[in-house]
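Observations on the model geometry
What follows is each chain in one-letter form.
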Amino acid sequence: MKQKIDELLSQANEKIKMVADTKALYDLKVFFLGKQGEVTALMKELGKLPKEERPEWGQKINALKKQISELIDNQHKELELKELNQQIESEKLDLTLPGPQIEQGSRHPLSKVTEEIVEILSRIGFSVRSGPMIEKDWYNFEALNIPKDHPARDMQDTFYITEDHVLRTHTSPIQIHTMENEKPPIRILAPGSVFRCDSDISHSPNFYQIEALVVDQKVSMADLKGTISYFVKEFFGEEIKTRFRPSFFPFTEPSAEVDCSCPICKGKGCRTCKDTGWVEIGGSGLVNPKVFDYVKIDSKQWQGYAFGFGIERMAMIKYGIDDIRLFNENHIDFLKQFQ
Ligand code: DAH
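These lines cover the structure that appears in this document, whether it is placed above or below. (Residues numbered from 1 in each chain as written. Predicted model: local features only at pLDDT ≥ 70, side-chain atom pairs only at ≥ 80, totals over all residues. Heavy atoms only, no water.)

1. Brief notes about the nonpolar core
- If you look at the biggest cluster of nonpolar residues, it comprises 44 residues, and the most contacted ones within it are Ile117, Phe231, Phe236, Ile281, Phe309 and Met314.
- Counting residues per element, the ones that place at least two in this core are helix 5 (109-122), strand 5 (206-216), helix 8 (221-236), strand 7 (252-261), strand 8 (278-287), strand 9 (303-310), helix 10 (311-319) and helix 11 (332-336).
- Core analysis: the second largest hydrophobic core is formed by 21 residues, Leu144, Val166, Leu213 and Trp302 among them. (Core = buried A, V, L, I, M, F, W, Y, C linked by side-chain atoms within 4.5 Å. Buried < 20%, exposed > 50% of the residue type's maximum accessible area, 1.4 Å probe, protein only. Helix = DSSP H or I, 4+ residues; strand = E, 2+ residues; numbered from the N terminus.)

Have a look at this one:
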């Protein structure tokens with residue numbers, strides 16, 4: 001019995017110290033102390049000894065059990081510490097690695113262009129007004145001298161909300177709101193979202209316009225041309241020329257379409273200007289006296305001019321963008337170019 005105890009103790013000493021991980025240590029615990037283990041087997045041998053010897057050997061086996069338990073516990077603590085250190089080592093942060101790149105946002109190109117237009121025109125006394133996107137038929141059409149059944153309504157494919165309410169098809173109704181609410185002289189700008197039932201590479205169902213209205217005394221076509229020429233040079237560049245083509249809008253008389261020499265090819269002819277050397281930016285004209293009648297401004301005393309430009313169009317021309325849909329698709333690579 002003594003020999004067996006000594007043997008087991010030296011075996012335990014040796015094996016437990018050599019164990020490399022907690023899993024193997026657990027296996028050893030089972031081997032020595034488990035139900036089928038060596039020490040348990042020794043206990044069972046006690047029964048074979050003479051009765052008077054049993055307490056003494058029983059105590060010795062218990063002492064052996066305790067010693068092996070302690071050996072295992074100590075080794076367990078050591079291994080746990082070792083494994084924790086290994087884990088810390090393997091998960092160590094390399095603080096010298098560069099961090100993940102955080103993309104920085106930027107103003108949308110249409111916001112930038114709008115801000116630039118407003119800034120240029122505010123230098124010569126224009127200030128900004130706004131109006132609702134859902135308009136009464138009266139503001140969007142009627143008061144702009146576009147009566148029901150007038151063929152000019154066909155120019156704008158309208159989204160009707162009710163029989164009497166539309167998503168505004170242009171920013172011109174803001175002219176009416178302003179003239180209803182303010183007394184001349186008036187010198188305002190109105191950028192805003194407009195809606196038409198139209199969609200292809202140069203038309204979007206929702207796009208932006210910027211409206212300008214001046215009401216004053218002795219206003220003529222010369223003032224309109226001077227203001228637009230100034231604006232075009234400031235926005236597109238000193239070398240860009242402006243051209244007015246006779247046109248028709250019910251709310252202006254006379255009316256003119258505004259073209260500028262193509263800023264991309266400088267008038268030589270390219271894809272942007274469809275080889276004409278000119279690009280159209282919007283409509284303009286002198287305020288039709290009939291519009292003044294609707295808002296009860298005396299057209300004998302006051303005259304006015306107005307113009308309305310497409311903001312996407314101006315951005316497309318300025319930056320050589322060939323598809324209007326790019327503005328709304330939110331592709332980072334597209335938007336980044338305007339940072
Ligand atoms: N509202 C017109 C459109 O969307 C553009 C326009 C033309 C605005 C002439 C004006 C103007 O202020 O005078 O087609």
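Back to the text.
2. A few points about the environment of phenylalanine 207
- Of note, phenylalanine 207 is situated in strand 5.
- When the C-alpha positions of phenylalanine 207 and arginine 313 are compared, they lie 9.6 Å apart, and in sequence the two are 106 residues distant.
- Contact partners of phenylalanine 207, with chain neighbours within four places excluded, come to Gly192, Ser193, Val194, Arg196 and Glu312. (Contact = heavy atoms within 4.5 Å.)

3. A closer look at the site of the ligand
- Of all residues adjacent to the ligand, which total 16 residues, the nearest are His170, Ser172, Arg196, Gln209 and Glu211.
- One nitrogen or oxygen atom from the side chain of glutamine 175 is found 3.2 Å from an oxygen atom belonging to the ligand.
- A distance of 2.7 Å is found between an oxygen atom of the ligand and a side-chain nitrogen or oxygen belonging to arginine 196.
- Starting from 360 Å² of accessible surface for the ligand in isolation, the protein chains cover 93%.
- Of all the elements in the fold, those that place two or more residues in the shell around the ligand are strand 5, strand 8 and strand 9.
- By residue class, the composition of the shell around the ligand is four nonpolar, 10 polar and two charged. (Near = heavy atom within 4 Å. Polar contact = N/O pair within 3.5 Å; in protein donor to acceptor, adjacent residues only side chain to side chain. Areas by Shrake-Rupley, 256 points an atom, 1.4 Å probe, with all protein chains shown as cover. Nonpolar A, V, L, I, M, F, W, Y, C, P; charged D, E, K, R; others polar.)

4. Considering the packing of helix 1 (residues 2-18) against helix 3 (residues 38-45)
- At a minimum axis separation of 11 Å, helix 1 and helix 3 run at an interaxial angle of 170 degrees. Comparing their axes, helix 3 and helix 1 come out roughly antiparallel. Where helix 1 approaches helix 3, its residues Lys4, Ile5 and Leu8 are matched on the opposing element by Glu38, Val39 and Leu42. (Axes fitted to C-alpha atoms, helices over the stretch in contact; angles between N-to-C directions. Parallel < 35°, antiparallel > 145°, perpendicular 65-115°, else oblique.)

5. Regarding the side chain of glutamate 211
- As for its position among the elements, glutamate 211 is in strand 5.
- No salt bridge is formed by the buried glutamate 211; its nearest oppositely charged neighbour, arginine 196, is found at 8.3 Å.
- A polar contact of 2.9 Å, which involves the side chain of glutamate 211, links it to the side chain of serine 172.
- A distance of 2.6 Å separates a polar atom in the side chain of glutamate 211 from a polar atom in the side chain of glutamine 175.
- Beyond its immediate stretch of four places on either side in the chain, glutamate 211 contacts Thr171, Ser172, Gln175, Ile188, Leu189, Ala190, Phe307 and Gly308. (Lys, Arg positive; Asp, Glu negative; His and termini not counted. Salt bridge = Lys/Arg side-chain N within 4 Å of Asp/Glu carboxyl O.)

6. Things to note about helix 2 (residues 22-33)
- End to end, helix 2 covers 16 Å across 12 residues, agreeing with the expected 16 Å (1.5 Å per residue, within 8%).
- Of the residues making up helix 2, those classed as buried are Leu25, Leu28, Phe32 and Leu33. Taken around the axis of helix 2, the buried residues stretch over an arc of 100 degrees, which confines them to a single face. Along helix 2, the residues that are exposed and aim more than 90 degrees away from the buried face are Lys23 and Tyr26.
- The inward-facing, buried residues of helix 2 contact helix 1, helix 3 and helix 4 (54-90).
- With a side-chain oxygen lying 3.1 Å from the backbone nitrogen of lysine 23, the N-terminal cap of helix 2 falls on aspartate 21. (Expected span 1.5 Å × (residues − 1). Arc of directions from axis to C-beta.)

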